[in-house]
Structures are given as C-alpha cells and as structure tokens.
Amino acid sequence: MRWFVSGAVLLLLTACSPENKKVYTVDELVADEALLTKVIGECRNNPGELHDTPNCRNAEAADGRLRLERMRKSLGG
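Source: prediction; values computed, not measured. (Residues numbered from 1 in each chain as written. Predicted model: local features only at pLDDT ≥ 70, side-chain atom pairs only at ≥ 80, totals over all residues. Heavy atoms only, no water.)

**Observations regarding the nonpolar core**
Heads up, the rule is: Residues grouped as a nonpolar core are buried Ala, Val, Leu, Ile, Met, Phe, Trp, Tyr and Cys residues, joined through side-chain atoms within 4.5 Å. Between buried and exposed lies partly exposed: a residue is buried under 20% and exposed over 50% of the maximum accessible area for its type, with that area taken using a 1.4 Å probe on protein chains only. The helix and strand labels rest on DSSP assignments: H or I over at least four residues marks a helix, E over at least two residues marks a strand, and numbering proceeds from the N terminus. Contacts: residue pairs with any heavy atoms within 4.5 Å of one another.
Formed by Val26, Leu29, Val30, Leu35, Leu36, Val39, Ile40, Cys43, Cys56, Ala59, Ala62 and Leu66, the largest nonpolar core amounts to 12 residues. Considering every element that reaches this core, the biggest residue donor is helix α3 (residues 33-45), with five residues. In this view, Val26 contacts Asn58, Ala61, Ala62 and Arg65; residues no more than four positions away in its chain are not counted.

**With respect to the state of the cysteines**
Note the cut-off: By disulfide we mean two sulfur atoms from cysteines, separated by a distance within 2.5 Å.
For the structure shown, the criterion picks out one disulfide. Between Cys43 and Cys56 runs a disulfide, and the two sulfur atoms are separated by 1.8 Å. Of note, the bridge from Cys43 to Cys56 carries an S-S torsion of about -95° and is left-handed in sense. Highlighted residues: Cys43 in helix α3 and Cys56 in helix α5 (residues 54-74), separated in sequence by 13 residues. Judged by its relative accessible area of 9%, Cys43 falls in the buried class.

**Focus on the confidence of the model for the protein**
When pLDDT drops low, the exact placement of atoms in the prediction is not to be read closely. Just so we agree on the cut-off: Scored from 0 to 100, pLDDT records how confident the predictor is in each individual residue.
Per-residue confidence for the protein gives a mean pLDDT of 85, with 77% of residues at or over 70. By mean pLDDT, helix α1 (residues 2-16) is the weakest element of the protein at 64, and helix α2 (residues 26-31) is the strongest at 96.

**With respect to the packing of α3 against α5**
Packed helices, taken two at a time, are described by their axes: the angle between them and the distance between them. Quick reminder of the rule: Lines fitted to the C-alpha atoms define the axes, with helices restricted to the stretch that makes contact. Angles between their N-to-C directions range from 0 to 180 degrees. Any angle that falls under 35 degrees is termed roughly parallel, while one over 145 is termed roughly antiparallel, one within 65 to 115 roughly perpendicular, and all others oblique. By convention, the crossing between two helices is left-handed when the near helix turns anticlockwise from the far helix through less than a right angle, and right-handed when the turn is clockwise. The classification used treats Ala, Val, Leu, Ile, Met, Phe, Trp, Tyr, Cys and Pro as nonpolar, Asp, Glu, Lys and Arg as charged, and all other residues, Gly among them, as polar.
Taken N-terminus to C-terminus, the directions of α3 and α5 make an angle of 125°; their axes are 9 Å apart at the nearest point. For the element pair α3 / α5, the angle class is oblique. For the pair α3 and α5, the sense of crossing is left-handed. Counted together, Glu33, Leu36, Val39, Ile40, Cys43 and Arg44 of α3 and Asn55, Cys56, Ala59, Glu60, Ala62, Asp63, Leu66 and Arg70 of α5 form the full contact between these two elements. Here the contact of α3 with α5 is composed, by residue class, of eight nonpolar, one polar and five charged.

**Topic: the pattern of salt bridges**
The following threshold applies: Take a side-chain nitrogen of Lys or Arg and a carboxyl oxygen of Asp or Glu: if they are within 4 Å of each other, that pair is a salt bridge.
All chains considered together, the criterion is met by six salt bridges. Put simply, Glu33 and Arg70 hold a salt bridge, and the shortest N to O gap is 2.9 Å. Taken together, the positions of Glu33 in helix α3 and Arg70 in helix α5 put the pair 37 residues apart, joining distant regions of the chain. With a closest N to O distance of 3.0 Å, Asp63 and Arg67 form a salt bridge. Here Asp63 pairs with Arg67, and both are found in helix α5, just four residues apart, close to one helical turn.

**A few points about the environment of Glu33**
For Glu33, a relative accessible area of 42% corresponds to the partly exposed category. Here Glu33 is in contact with Leu66 and Arg70, once residues within four sequence places are set aside.

Encoded structure:
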C-alpha cells in the first residue's frame, strides 16, 4: 500500500511539472526557417526570461549563419 501511495504522488508531481520544450539544434533551425522565425520571435518577445535558454542561443547562431550565407551569395561567393 505504501508503494501505491508513493507511486501516485510521484505520478501527480510529474504530471504537474512544467512541460519541457524540445531543444532545437542550430542545424535544425537553419533547415527550417519557419521554425527559426518562430523561436526568434518568442525569444525577442520575452528576452528577460528566455534570452539565455538553449533554444534562443541556438536560434541566434542559426540566424547568424543564414545571414552569412546570404551575404556570400549576394557577393557572388
């Protein structure tokens, strides 16, 4: 009976915990510009809380990479 109560409490605590967001890699964000735009928009709308999260850092890196690629193409490289 003690295990049942402990298991039920653990299940409830797990269900009430905040949902973990998927952390996107820089390559995933570069490949999907719509997702990149969405993540950057969320980060810029709430920079106080989200600025130093992995998704925001990866989105900024992906945005920088895409900008460099566009510059190279426009310069004929």
